[in-house]
Amino acid sequence: MQELGHWINGKMVAGTSGRTADVMNPATGEVQAKVALASKAELDAAVADAAKAQVAWGLTNPQKRARVMMAFVGLINRDMEKLAEALSREHGKTIPDAKGDVQRGLEVIEYCIGAPQLLKGEFTDSAGPGIDMYSMRQPLGVAAGITPFNFPAMIPLWKMGPALSCGNAFILKPSERDPSVPLMLAALLKEAGLPDGVLQVVNGDKESVDAILDNDTVQAVGFVGSTPIAQYIYSRGCDNGKRVQCFGGAKNHMIIMPDADMDQAADALIGAGFGAAGERCMAISVAVPVGEETADKLRDKLIPRIEKLKVAPYTAGDDVDYGPVVTAAAKQNILRLIETGVAQGADLVVDSRDFKLQGYEDGFFVGPHLFDRVTTDMDIYKQEIFGPVLSMVRAETYEEALGHAMDHEYGNGTAIFTRDGDTARDFASRINIGMVGINVPIPVPLAYHTFGGWKKSGFGDLNQHGPDAFKFYTRTKTVTSRWPSGLKEGGEFHFKAMD
Ligand code: NAD
């Protein structure tokens, strides 16, 4: 059985805590590896070494650090196939999806090559007689990231790229469900020229997360995962005086107006609702058609498309639509929520509760489900299902549809499908949600914009990647200086008119 340890001081080391977690093969339901779970002592030692390594790294000029990122981009591209395969094996998503996971992380590393420009401070010449004022962005020291299972390449890259480019050392605590890809990325960063100790990948669970939150050397914590854990990390991290940003769960609504292109809307819902088995924080889990006629048309277009979805392991080829969910517990939770939907009176129009894949009976596959006539008091509406289940909530008017999205406690992403510019514009300006799509079902901002949800989907002031990340991982210092020569009376100085 393969044993996965930690990446410490530039090499793989075995865990010493004596505790491990099973890494499953979600397609077969078998344990395929064991991952070490770090103790507080192991985490604290990794942080102490990172702090030592950060001193020289923080003094390295930004362009040299950017060159490490440039080399890293080349190495990720070189190893794309290997990374995608390792990712699919532990997560269960298809190979094209796994490559997308790596690619969206890679784009943030490409953005980080611009660090010298992004880290430039500001300067005011002659703010007073002989006085200049300038601000600089300095690294925080040691920062940490705690990441979820569903994007094991993208989210670690979103965190480590900006943190390292700003001159910090970084402690990554990836999900214990799919730890291989973060370890592979750490090895590639070493090959790209990152000094040992500057990036430490510490595998673990609550014990190592708590150790991060209580370690005085760790200056900042970035978290992505479910909302209850986001809230916990945010409050404990803030209580301990750290800079903290936490991104949580989601329930993303897509409003379909009567004038929308119904085929386009249905295709979009299939990809956004069922892709990656619904295990995306930007998945659409609620469709809100406006008007009974729109709802009936949409349902008629969705049903045959859903029935055609190919659910299989990633090894079955590139025409697989989605694979298994990540664990047996995730599967049980999804099936339990589907039962509550039926019990609470929703209309289960595509029912795959008895779905079984021949040869993979022990795998964590869940067939696709469509609920119609879901109401806002039902558990399947209120809770994040994080599975291949789409709920239709019928609204009579645009205002009612908008109200549903506004009133939901989550505010990660949302979309509207319409041909009417006024409605689209009104939606974008009034909605209280962080990322908005207009005829785009999964509006994930590109690397040079920022990513983040509102309400219970995001805690803290700044977003992930883009310019916000360079603010999050640096501290601003402002210097005011006065030099006596600037005080000379009538100095002929640079203000003299040119002859
Ligand atoms: P999770 O909250 O279970 O785990 C996330 C991380 O927290 C992992 O590293 C895990 O080890 C750690 N953790 C788990 N329980 C903990 C505890 N009690 N104390 C301290 N640390 C703990 O989330 P997940 O199941 O890995 O990921 C899925 C969730 O992440 C979904 O809710 C999804 O919406 C959310 N997500 C959000 C975004 C976003 O940007 N908003 C992006 C991706 C995923």
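Owing to the predicted nature of the structure, the values given are computational and were not obtained by experimental measurement. (Residues numbered from 1 in each chain as written. Predicted model: local features only at pLDDT ≥ 70, side-chain atom pairs only at ≥ 80, totals over all residues. Heavy atoms only, no water.)

J.: Looking at this model, I keep getting lost on the pairing of strand β11 (residues 218-224). Mind explaining?
T.: Every regular strand shows the same layout, with side chains that alternate between the two sheet faces. For β11, the tally of buried residues reaches six of seven residues, placing the bulk of the element in the interior. With five bridges connecting them, strand β8 (residues 142-146) and β11 associate as parallel partners. Note on β11: the bridge partner recorded for Ala144 is Val221. With five bridges connecting them, β11 and strand β12 (residues 243-247) associate as parallel partners. Paired with Val221 across the bridge in β12 is Val244. (Buried < 20%, exposed > 50% of the residue type's maximum accessible area, 1.4 Å probe, protein only. Helix = DSSP H or I, 4+ residues; strand = E, 2+ residues; numbered from the N terminus. Pairing = 2+ DSSP bridges.)

J.: Looking at this model, I keep getting lost on the pairing of strand β7 (residues 131-139). Mind explaining?
T.: In this sheet, β7 lies alongside strand β6 (residues 122-128) in antiparallel orientation, the contact comprising four bridges. Residue pairing across strands places Phe123 opposite Tyr134, the latter belonging to β7. Count of turn residues in the β6/β7 antiparallel hairpin: two residues, of which Gly130 carries a positive phi of about 70°. Here β7 pairs with strand β23 (residues 474-482) via nine bridges, running antiparallel. Note on β23: the bridge partner recorded for Gln138 is Arg475.

J.: Which parts of the structure should I look at to understand the site of the ligand?
T.: Taken together, 27 residues surround the ligand, and among them Thr147, Lys173, Glu176, Ser226 and Glu384 come closest. In this structure, an oxygen atom belonging to the ligand sits 3.3 Å away from a main-chain N or O atom of Gly225. Of all the elements in the fold, those that place two or more residues in the shell around the ligand are α8 (206-214) and β11. When grouped by side-chain class, the residues that make up the shell around the ligand number 14 nonpolar, nine polar and four charged. (Near = heavy atom within 4 Å. Polar contact = N/O pair within 3.5 Å; in protein donor to acceptor, adjacent residues only side chain to side chain. Nonpolar A, V, L, I, M, F, W, Y, C, P; charged D, E, K, R; others polar.)

J.: I keep staring at helix α15 (residues 421-430) and nothing clicks. Help me out?
T.: Because each turn of an α-helix spans 3.6 residues, side chains separated by three or four positions end up pointing in the same direction. Along α15, the residues classified as buried are Thr423, Ala424 and Phe427. Burial along α15 is one-sided: seen end-on, the buried residues are contained in an arc of 100°. Turned more than 90 degrees off the buried face of α15, the exposed positions are Asp422, Arg425 and Ser429. On its buried side, α15 packs onto β13 (252-256), α14 (398-407), β19 (413-417) and β20 (435-438). (Arc of directions from axis to C-beta. Contact = heavy atoms within 4.5 Å.)

J.: So what exactly am I meant to see when it comes to the side chain of Asp468 here?
T.: If you trace the backbone, Asp468 turns up in helix α16 (residues 466-472). Buried within the structure, Asp468 lacks any salt-bridge partner; Lys471 is the closest side chain of opposite charge, at an N-O distance of 4.5 Å. Sequence-distant contacts of Asp468, defined by excluding residues within four places in its chain, comprise Thr450, Leu462 and Asn463. (Lys, Arg positive; Asp, Glu negative; His and termini not counted. Salt bridge = Lys/Arg side-chain N within 4 Å of Asp/Glu carboxyl O.)

J.: Sorry, what's going on with the state of the cysteines here?
T.: Defined simply, a disulfide is a covalent bond joining two cysteines at their sulfur atoms. Applying the stated criterion to the full structure yields zero disulfides. This cysteine, Cys238, is not joined by any disulfide, and Cys246 carries the nearest cysteine sulfur, 7.5 Å off. Given the relative accessible area of 32%, Cys238 is considered partly exposed. Cysteine Cys281 shares no disulfide, and the gap to the nearest cysteine sulfur, in Cys246, comes to 14 Å. (Disulfide = S-S within 2.5 Å.)

J.: Got a minute to help me understand the sheet that holds β23 in this structure?
T.: Paired through their backbone hydrogen bonds, the strands of a sheet run either parallel or antiparallel. As summarised here, the arrangement of the three strands in space is β6-β7-β23, forming an open sheet in which the pairing is antiparallel. At either margin of the open sheet sits one strand with a lone partner, and together these are β6 and β23. In this sheet, neighbouring strand axes are inclined to one another by 20° on average, regardless of whether the strands run parallel or antiparallel. (Axes fitted to C-alpha atoms, helices over the stretch in contact; angles between N-to-C directions.)

J.: Looking at this model, I keep getting lost on the nonpolar core. Mind explaining?
T.: Burial of nonpolar side chains together is a common tendency in soluble globular proteins. Judged by nonpolar contacts, the single largest core of 66 residues is most densely connected at Phe72, Ile76, Met160, Leu164, Phe170 and Leu189. Two domains share this core, each providing at least three of its residues, namely domain 1 (2-248 + 457-480) and domain 2 (252-438). Apart from residues lying up to four places away in sequence, Leu189 is in contact with Val68, Met69, Phe72, Met160, Leu164, Leu194 and Leu199. Counting residues in each nonpolar core, the second largest holds 63 residues, with Met257, Leu269, Phe371 and Ile385 among its members. (Core = buried A, V, L, I, M, F, W, Y, C linked by side-chain atoms within 4.5 Å. Domains from an automatic or database assignment.)

J.: Looking at this structure, how should I read the domain arrangement of the protein chain?
T.: Much of the literature gives interface size as the accessible area that the parts lose upon coming together. Once the domains are mapped, the protein chain shows domain 1 (2-248 + 457-480) and domain 2 (252-438). With centres defined by C-alpha atoms, the gap from domain 1 to domain 2 works out at 31 Å. Residue-level contacts link 22 residues of domain 1 with 25 residues of domain 2. Buried area between domain 1 and domain 2, summed over both chains or domains, comes out near 1,900 Å², and the portion from carbon and sulfur atoms is 63%. At the junction of domain 1 with domain 2, the criterion picks out one salt bridge. Note that Asp97 is salt-bridged to Arg280, the shortest N-O span being 3.1 Å. Connecting domain 1 to domain 2 are seven residue pairs in polar contact (both at pLDDT 80 or more). The set of elements that each furnish at least two residues to the side of domain 1 that touches domain 2 consists of β4 (20-25), α3 (80-91) and α4 (95-112). The biggest single contributor to the side of domain 1 that touches domain 2 is α3, with four residues. A class-by-class count of the residues in the side of domain 1 that touches domain 2 yields seven nonpolar, 10 polar and five charged. (Buried area = accessible area lost by both parts, 1.4 Å probe.)

J.: I tried to follow helix α9 (residues 227-239) on my own but got confused; where do I start?
T.: Between its terminal C-alpha atoms α9 stretches 18 Å, which fits the 18 Å expected from 13 residues at 1.5 Å a residue. Backbone geometry just after α9 places Gly241 at a positive phi near 80°. (Expected span 1.5 Å × (residues − 1).)

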